[in-house]
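Here is how the chains run, residue by residue.
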Amino acid sequence: EVQLVESGGGLVQPGGSLTLSCLASGFTFSTTTISWVRQKPGKGLEWVSGIWGDGTVHYSDSMKGRFTASRNNAINTVTLRMDSLEPDDTGVYYCTGVAGSYWGRGIQVTVSS
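Conventions we followed
- Residues numbered from 1 in each chain as written.
- Predicted model: local features only at pLDDT ≥ 70, side-chain atom pairs only at ≥ 80, totals over all residues.
- Heavy atoms only, no water.
- Disulfide = S-S within 2.5 Å.
- Helix = DSSP H or I, 4+ residues; strand = E, 2+ residues; numbered from the N terminus.
- Buried < 20%, exposed > 50% of the residue type's maximum accessible area, 1.4 Å probe, protein only.
- Pairing = 2+ DSSP bridges.
- Salt bridge = Lys/Arg side-chain N within 4 Å of Asp/Glu carboxyl O.
- Core = buried A, V, L, I, M, F, W, Y, C linked by side-chain atoms within 4.5 Å.
- Contact = heavy atoms within 4.5 Å.

Student: Which parts of the structure should I look at to understand the state of the cysteines?
Tutor: Simply put, disulfide is the name for a covalent bond between the sulfur atoms of two cysteines. Counted under the stated rule, the structure contains one disulfide. Across the disulfide, Cys22 is cross-linked to Cys95 (sulfur-sulfur distance 2.1 Å). Between Cys22 and Cys95 the disulfide shows an S-S torsion of about 65 degrees. By sign, it is right-handed. Here Cys22, found in strand β3 (residues 18–25), pairs with Cys95, found in strand β9 (residues 91–97); they are 73 residues apart in sequence, far enough to count as distant. For the pair Cys22 and Cys95, a shared accessibility class is recorded, and that class is buried.

Student: Could you clarify how one ought to interpret the pairing of β3 in this entry?
Tutor: Strand residues, when the strand is regular, have side chains that alternate between the two faces of the sheet. Only one face of β3 is buried: it carries Leu18, Leu20, Cys22 and Ala24, and the other face, with Thr19, Ser21, Leu23 and Ser25, is open. Summarising the sheet, strand β1 (residues 3–7) and β3 pair through five bridges and their orientation is antiparallel. Within β3, the position partnered with Leu4 by the bridge is Ala24. When β3 meets strand β8 (residues 77–82), the two strands line up antiparallel, connected through six bridges. Following the sheet pairing, Thr19 is matched in β8 by Arg81.

Student: Where do I start with the pattern of salt bridges in this structure?
Tutor: With the rule as written, the count across this model stands at five salt bridges. One salt bridge in this structure joins Asp89 and Arg38, with 3.0 Å as the shortest N-O distance. One end of the pair, Asp89, is in the loop between β8 and β9; the other, Arg38, is in strand β4 (residues 34–39), with 51 residues separating them in the sequence. On the accessibility criterion, Arg38 (2% relative accessible area) is buried. Residues Asp83 and Arg81 are paired through a salt bridge, measuring 3.2 Å at the closest nitrogen-oxygen approach. The class for Arg81 is partly exposed, based on a relative accessible area of 41%. Look at the salt bridges and you will find they share partners, linking Arg38, Glu46, Arg66 and Asp89 into a network.

Student: Where do I start with the nonpolar core in this structure?
Tutor: A general trend in soluble globular proteins is that nonpolar side chains are found buried together. By size, the foremost hydrophobic cluster in this structure holds 24 residues, and its most contacted members are Leu20, Trp36, Phe67, Leu80 and Met82. Those elements that provide at least two residues to this core are β3, β4, β5 (45–51), β7 (67–72), β8, β9 and β11 (107–111). If one sorts the elements of this core by residue count, β3 sits on top with four residues. With sequence-adjacent residues up to four places away left out, Leu80 is seen in contact with Leu18, Thr19, Leu20, Trp36, Val48, Ser49, Phe67, Thr68 and Ala69.

Student: Explanation requested: unusual backbone geometry in the structure shown.
Tutor: Leaving glycine aside, a negative phi is the common case for residues, and trans is the common case for peptide bonds. The residue Ser84 is not glycine, and still its phi comes out positive at about 50 degrees. Within the element layout of this structure, Ser84 appears in the loop between β8 and β9. Residues other than glycine seldom take positive phi values, yet Val98 does so here, at roughly 55 degrees. Structurally, the position occupied by Val98 is in the loop between β9 and β10 (102–103).

Shown next as C-alpha cells:
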C-alpha cells in the first residue's frame, strides 16, 4: 500500500522556521518526484515545490526563496525547510507523489504570535 506520512507541523511565531518531513512507502521512491502542496484557509490548492529523484528542485515563485526542499532516498524521506515564516504561510501542507496519484493526510502549519 502506498503511504505518505507528513510530520513536523505546528505553531510557530512570525519570522520563525519549521521543517516538514514526508515519509513514503509502497513505491519506488528514489525515481519519483515528490511535491509539496498547501491549502490556505478558505483557498484552493497551491503548489509549493517539487523535488526530482536526482535532487533537482523547483519552487513556486510565491515562496520568495524562503523554502528549501531536500530528499534522503536511503530513508524514503523528503523534507521542506521553511524559513522567515509569515502569517500568510498558514495552512495545511500535503506531500504528494506518483504523478499526484497519492497524497498524505496533510499537516497544519500555523504562523501566529
